[in-house]
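Residue-level structural notes
Residues per chain, in single letters:
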Amino acid sequence: MGVQLQIEWDLQDHGWAVCRISEGPAKAELVVSYCTDGLADLLASIGSLYGASQTARFFFDSEPTEIRWVLRDQGADVGVSIYSFPDLAISLELPDEDGRLLWACTQSRSQLAHVLLEAAQRVLREHGEDGYLAKWTMHPFPVAILQDLRRLHLHHDRCDLAHDMTVPPK
Ligand SMILES: [Zn+2]
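Rules used throughout
- Residues numbered from 1 in each chain as written.
- Predicted model: local features only at pLDDT ≥ 70, side-chain atom pairs only at ≥ 80, totals over all residues.
- Heavy atoms only, no water.
- Pairing = 2+ DSSP bridges.
- Helix = DSSP H or I, 4+ residues; strand = E, 2+ residues; numbered from the N terminus.
- Axes fitted to C-alpha atoms, helices over the stretch in contact; angles between N-to-C directions.

Some details on the sheet that holds strand β6 (residues 77–85)
- Strand order in the open sheet formed by four strands is β4-β5-β6-β7, and the pairing between neighbours is antiparallel. In this open sheet, the two edge strands, each paired with only one partner strand, are β4 (55–62) and β7 (100–108). Taken pair by pair, the neighbouring strands of this sheet meet at an average axis angle of 15 degrees, ignoring direction.
- One ladder, built from eight bridges, connects β6 with β7; its direction is antiparallel. Bridge pairing links Val80 to Cys105 in β7.

Overview of the environment of Asp98
- Here Asp98 is to be found in the loop between α2 (88–91) and β7.
- Separated by 15 residues in sequence, Asp98 and Tyr83 place their C-alpha atoms 8.7 Å apart.

Brief notes about the pairing of strand β2 (residues 16–23)
- In this sheet, β2 lies alongside strand β1 (residues 5–11) in antiparallel orientation, the contact comprising seven bridges. Along β2, the bridge assignment pairs Ile7 with Ile21.
- Here β1 folds back onto β2, and the loop between the two strands holds four residues, one of which, His14, carries a positive phi near 60 degrees.
- Here β2 pairs with strand β3 (residues 26–33) via eight bridges, running antiparallel. Bridging across to β3, Arg20 finds its partner in Glu29.
- Where β2 hands over to β3, the hairpin turn is made up of two residues, of which Gly24 adopts a positive phi near 60 degrees.

Printed below as a string of structure tokens:
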């Protein structure tokens, strides 16, 4: 077994969250505001790689920092790069290379999807849909997007790990 990718979505009060990603000694801690629907965007971007998309891009609004995720379909693997730009108001049109690279890794699509699903389910188990909305305020917990990604993962990836089915399939 290689070093395990870990992702934690730490929902905080008043529309903030901290997304922690680690792989052995490599760690990144990303501050996320509710100006975008960060958890939904993260789940949906992985989901898009099961279709025709070769690359998925989205950003967290870290007020005013832009935290840009770039996911690249590399066959069975996904390349993940995360960049930061100091001012979102002017950076959205800038190329990735202009940002500061905070994180880079390559993971199997299966493991990435699995770890993300687990992270999202942990949030839901801890807070429930009502508790999530009370803290995140601008967006409800992304139940449908979680269901979509889980369905894609179970159908297309040969994942032998256990899957939390607290949210029933659609
Ligand atoms: Zn799995």
